[in-house]
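Observations on the three-dimensional arrangement
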Amino acid sequence: MYVRKVFFSLLMAYAIQSFIAKPVFGIKKRLQVTHAQRLSKLTLDPLERADFLNDGWLHDEALVELEVGNQDDSEVLWRQARSIINQGENLPEDQALEYYQRALELVELSVEKEPNSPQAQQVLAVACGRVALFKGVFKSIGLVKRVYSAAHLAIAAGDSMPVSLYILGKTHKKLIEKPGFLLKALGLGWVRADSVSYYFEQAIELSHDNMIQCNYEFAEFQYREYNEKEKAVKLLNRALELPLRDEQDKAAKKKATELLFEINSR
């Protein structure tokens, strides 16, 4: 009986380590709630527990687990910021800003303690982007520049950061709405229309074409900017085929369906 228990424990430990060793983009779809909860109970590490719960979209539970960890630790801080951003994304706009600003404060501390952490830099880029979008991108130029810087630092520090590449593509996509002379005057001379496609294509490749939001954003860009209907339709169909992975994927699928209908109606 003792041998069987030891064998089972070793087997479970191996399974956990194998799962955790997978990169973020390796997760094909959202973890079911019960699955995420069970996996989180198979490890004593609060960071690993929080990661499993995050993959199950259980952000309140993830934050509870993170309270056990060292509150001054960079790894704890960026995970707390990640969960708080996810909470804010599910709230009405008039309530979300408070969450984004709190997340920004936490991830700034995380980056201050560990500037070479690719995940911390990526969460910083997300937090800055959320606050900037809420306040108005062209009224928050300082935050926009921090998005650009943090996303690049995440890519430089990490082996594979498709989300950061997606953030950069979306940032360029938003900023090219303004004329070039104004962008230069605002210190945004690095903005390029051709960078939109470059970053989106890189993000899709590194994620093994498993990013619903990126496929939608890229399709909209191809259709609105270049009237590339065939390419846009292909990207939209791919977005609709993929399983949900991020909580905002459902909204992106709805937009993809609407854009596909618009294209096919013309």
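Conventions used here
- Residues numbered from 1 in each chain as written.
- Predicted model: local features only at pLDDT ≥ 70, side-chain atom pairs only at ≥ 80, totals over all residues.
- Heavy atoms only, no water.
- Core = buried A, V, L, I, M, F, W, Y, C linked by side-chain atoms within 4.5 Å.
- Buried < 20%, exposed > 50% of the residue type's maximum accessible area, 1.4 Å probe, protein only.
- Contact = heavy atoms within 4.5 Å.
- Helix = DSSP H or I, 4+ residues; strand = E, 2+ residues; numbered from the N terminus.
- Polar contact = N/O pair within 3.5 Å; in protein donor to acceptor, adjacent residues only side chain to side chain.

The next subject is the nonpolar core. In this structure, Leu104, Val107, Leu124, Leu175, Leu188, Cys214 and Leu236 are the most contacted members of the largest nonpolar core, which totals 71 residues. When residues no more than four places from it in sequence are discounted, the contact partners of Val107 are Trp78, Ala81, Ala120, Val123, Leu124 and Ala127.

This part is about the environment of Ser40. Structurally, Ser40 can be placed in helix α2 (residues 33–40). By relative accessible area, which is 4% here, Ser40 ends up buried. Taking the C-alpha atoms as reference points, Ser40 and Leu53, separated by 13 residues in sequence, lie 6.7 Å from one another. Setting aside residues up to four positions removed in sequence, Ser40 forms contacts with Arg49, Phe52 and Leu53. Here Gln37 takes part through its backbone oxygen, which lies 2.7 Å from a polar atom of the side chain of Ser40.

We now examine the environment of Leu165. Among the structural elements, Leu165 can be located in helix α9 (residues 162–175). For the pair Leu165 and Leu206, spaced 41 residues apart in sequence, the C-alpha to C-alpha distance is 9.2 Å. What Leu165 contacts, discounting residues up to four positions off in sequence, is Ile155, Tyr199, Gln202, Ala203 and Leu206.

Okay, unusual backbone geometry next. The phi torsion at His208 lies on the positive side, around 60 degrees, for a residue other than glycine. For His208, the location among the structural elements is in the loop between α11 (193–206) and α12 (212–226). Take His208: its relative accessible area is 49%, and that puts it in the partly exposed class. Of note in this structure, Asp209 is not a glycine but carries a positive phi near 55 degrees. Within the fold, Asp209 resides in the loop between α11 and α12. Judged by relative accessible area, which is 23%, Asp209 ranks as partly exposed.

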